[in-house]
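Descriptive structure summary
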Amino acid sequence: MAETSEISNSLVPLGRQQAMVLLETGYLWLDMGHFDKAKEVFTGAAALMPKSEVPQLGLGAVEFAQGRHDKALQAYRSAQRLAPQSALPRAHAGEALLFMGKVVEALKELKAAVDLEPDSDGARLAQALLQAKEAGVLPPAKK
């Protein structure tokens, strides 16, 4: 049975299955290194789903993959504004901050992600990043 529920507050009627396929397409382009196409997909998804943080996370992932951590952080902050009680945008923001060398601010975000939703994917990402920091792997060495 196909899922027919629609994404609330979308610009045009958009089913959950359609949204998933659209977002997965963006991540496929990203994984293949086609950053311009991935960004185009996520930008379109953000326009279609202006109340969802997920396309903003995708846009942040595109920027992060290209080493533009400041722009990634901007996208992750947009995701945080859309979903202030979600751990995943905070964990990603913490990751970007670590890579920018802003360790104190990064640790604050990562700990907040764990506190917000302790059993979530965002908390697991934050915990992995905290462990990497403690192991001395992050932040990366300056070139």
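Since we're looking at a predicted model, the values are computed, not measured.

Ranked by size, the top nonpolar core spans 33 residues in total, and within it Phe42, Met49, Tyr76, Leu98, Leu110 and Ala126 carry the most contacts. For this core, the secondary-structure elements that each account for two or more residues are helix H1 (16-31), helix H2 (35-48), helix H3 (54-65), helix H4 (69-82), helix H5 (87-99), helix H6 (103-116) and helix H7 (121-134). If you tally residues by element for this core, the top one is H5, at six residues.

Following the sequence through the fold, Gly33 ends up in the loop between H1 and H2. On the basis of relative accessible area, Gly33 is assigned to the partly exposed category, the value being 37%. Through-space distance from the C-alpha of Gly33 to that of Ala132 is 25 Å; in sequence the pair is 99 residues apart.

Looking now at the packing of aromatic side chains. Summed over all chains, the structure comprises two aromatic pairs. With 5.0 Å between their ring centres and 75° between their planes, Phe64 and Phe99 make a pair best called edge-to-face. Placement of Phe64 in helix H3 and of Phe99 in helix H5 is noted, with a sequence separation of 35 residues between them.

Interaxial distance between H3 and H4 falls to 7 Å at its minimum, and their mutual angle equals 170°. Here H3 is positioned roughly antiparallel relative to H4, judged by the angle of their axes. The residues of H4 that touch H3, namely those facing Gln56, Leu57, Leu59, Gly60, Ala61, Glu63 and Phe64, are His69, Lys71, Ala72, Ala75, Tyr76, Ser78, Ala79 and Leu82. Residue composition of the contact of H3 with H4, grouped by class: nine nonpolar, four polar and two charged.

This part is about H2. Here H2 contains 14 residues, and its C-alpha end-to-end distance of 20 Å stays within 8% of the 20 Å for a straight helix at 1.5 Å per residue. Buried residues belonging to H2 abut H1 and H3.

The subject of this paragraph is the UniProt feature "repeat: TPR" (unreviewed entry) in the protein. Using the residue numbers shown here, the UniProt feature "repeat: TPR" (unreviewed entry) corresponds to residues 19-52 and 53-86. Span residues 19-52 is 79% helix and 0% strand, its end C-alpha atoms 11 Å apart.

Attention shifts here to the pattern of salt bridges. For the structure on display, the rule yields six salt bridges. Put simply, Arg124 and Asp121 hold a salt bridge, and the shortest N to O gap is 2.7 Å. In this pair, Arg124 and Asp121 both sit in helix H7, three residues apart, roughly one turn of the helix. Judged by its relative accessible area of 53%, Asp121 is exposed. The network of salt bridges with shared partners includes Arg77, Arg90, Glu105 and Glu109.

Relative to the elements of secondary structure, Ala47 occurs in helix H2. For Ala47, a relative accessible area of 43% corresponds to the partly exposed category.

Turning next to the side chain of Glu63. Along the chain, Glu63 falls in helix H3. Glu63 gets classed as buried once you look at its relative accessible area, which sits at 6%. Those residues within four positions of Glu63 in sequence are excluded, and the remaining contacts are Lys39, Arg68, Lys71 and Ala72.

Rules of the game
- Residues numbered from 1 in each chain as written.
- Predicted model: local features only at pLDDT ≥ 70, side-chain atom pairs only at ≥ 80, totals over all residues.
- Heavy atoms only, no water.
- Core = buried A, V, L, I, M, F, W, Y, C linked by side-chain atoms within 4.5 Å.
- Buried < 20%, exposed > 50% of the residue type's maximum accessible area, 1.4 Å probe, protein only.
- Helix = DSSP H or I, 4+ residues; strand = E, 2+ residues; numbered from the N terminus.
- Phe/Tyr/Trp six-rings, centres within 6.5 Å; stacked < 30°, edge-to-face > 60°.
- Axes fitted to C-alpha atoms, helices over the stretch in contact; angles between N-to-C directions.
- Parallel < 35°, antiparallel > 145°, perpendicular 65-115°, else oblique.
- Contact = heavy atoms within 4.5 Å.
- Nonpolar A, V, L, I, M, F, W, Y, C, P; charged D, E, K, R; others polar.
- Expected span 1.5 Å × (residues − 1).
- UniProt positions renumbered as here; feature names shortened; annotations may be inferred.
- Salt bridge = Lys/Arg side-chain N within 4 Å of Asp/Glu carboxyl O.

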